[in-house]
Amino acid sequence: QVRLVESGGGLVQSGGSLRLSCAALGRSFSYYSMGWFRQAPGKEREFVASISSNGQYIYYGDSVKGRFTISRDTTNTALLQMNSLKPEDTAIYYCAADDNSIKLISVDYWGQGTQVTVSL
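This one's a predicted model, so the numbers in the text were calculated from it and none came from an experiment.

Colleague: Give a detailed account of the environment of W110, specifying residues and quantitative values.
Modeller: You can see W110 is positioned in strand β10 (residues 109-110). Counting along the chain gives 36 residues from W110 to T74, while the straight-line C-alpha distance between them is 18 Å. Discounting residues that sit within four places of it in the chain, W110 has contacts with L4, F37, R45, Y94, C95 and A96.

Colleague: Tell me about the pattern of salt bridges, and please be specific about residues and values.
Modeller: One pass over the full model with this rule turns up 4 salt bridges. Its salt-bridge partner being D62, residue K65 comes within 3.1 Å of it at the nearest N-O pair. A salt bridge links D89 to R67; the shortest N-O distance between them is 2.7 Å. In this pair, D89 sits in the loop between β8 (77-82) and β9 (91-98) while R67 sits in the loop between β6 (58-60) and β7 (68-74), placing the two residues 22 residues apart along the sequence. For the pair shown, D89 and R67 are each scored as buried. Taken together, the shared-partner salt bridges connect R38, E46, R67 and D89 into one network.

Colleague: Tell me about the nonpolar core, and please be specific about residues and values.
Modeller: Counting 27 residues, the largest nonpolar core has W36, L80, M82 and Y93 as the members making the most contacts within it. Elements represented by at least two residues in this core include exactly β3 (18-25), β4 (33-39), β5 (46-51), β7, β8, β9 and β11 (114-119). In this structure L80 touches L18, R19, L20, W36, V48, A49, F68, T69 and I70, once residues within four positions along its chain are discounted.

Colleague: Outline the environment of G61, listing residues and values.
Modeller: Within the secondary structure layout, G61 lies in the loop between β6 and β7. Sequence-wise, G61 and L4 are 57 residues apart; in three dimensions their C-alpha atoms are separated by 21 Å. Not counting the four nearest positions on each side in its chain, G61 is found in contact with F47 and V48.

Parameters at a glance
- Residues numbered from 1 in each chain as written.
- Predicted model: local features only at pLDDT ≥ 70, side-chain atom pairs only at ≥ 80, totals over all residues.
- Heavy atoms only, no water.
- Helix = DSSP H or I, 4+ residues; strand = E, 2+ residues; numbered from the N terminus.
- Contact = heavy atoms within 4.5 Å.
- Salt bridge = Lys/Arg side-chain N within 4 Å of Asp/Glu carboxyl O.
- Buried < 20%, exposed > 50% of the residue type's maximum accessible area, 1.4 Å probe, protein only.
- Core = buried A, V, L, I, M, F, W, Y, C linked by side-chain atoms within 4.5 Å.

This is the structure:
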C-alpha cells in the first residue's frame, strides 16, 4: 500500500515551535514533490509549503513565510519546522505528494492529517 504517514502535531503556546514529519511508504518517491496543506474549521484548505523531489524548488504560503521551513533529508521523508507559531496557525495539517507539480497542483497521495493547536 502506498501511503503517507505524518506526525508531530500537538499543542503549543504562541511563539512556540513544532516539527511535522511526513514519511512516504510503499514505493520510492524520488519523483514526487511533497509538502503540506492545512485546514481550519470553516475555512478552505490552504497551501502551506512544498519541496521538489531533489529539494531544488521550495514554495511557501504567504502566511508562513519567514516562520516555517520545509526540508527533505531523504527521498521519502519531508520535514516542516514551524517556528513563531500563532493562533492563526491552528489547523489540521495534511501532508501531500504529487508526481507532476512542484506546487502540489494535483495531489496524488494525502497523509491522514495531524492537529496543530496554538494557544494564546
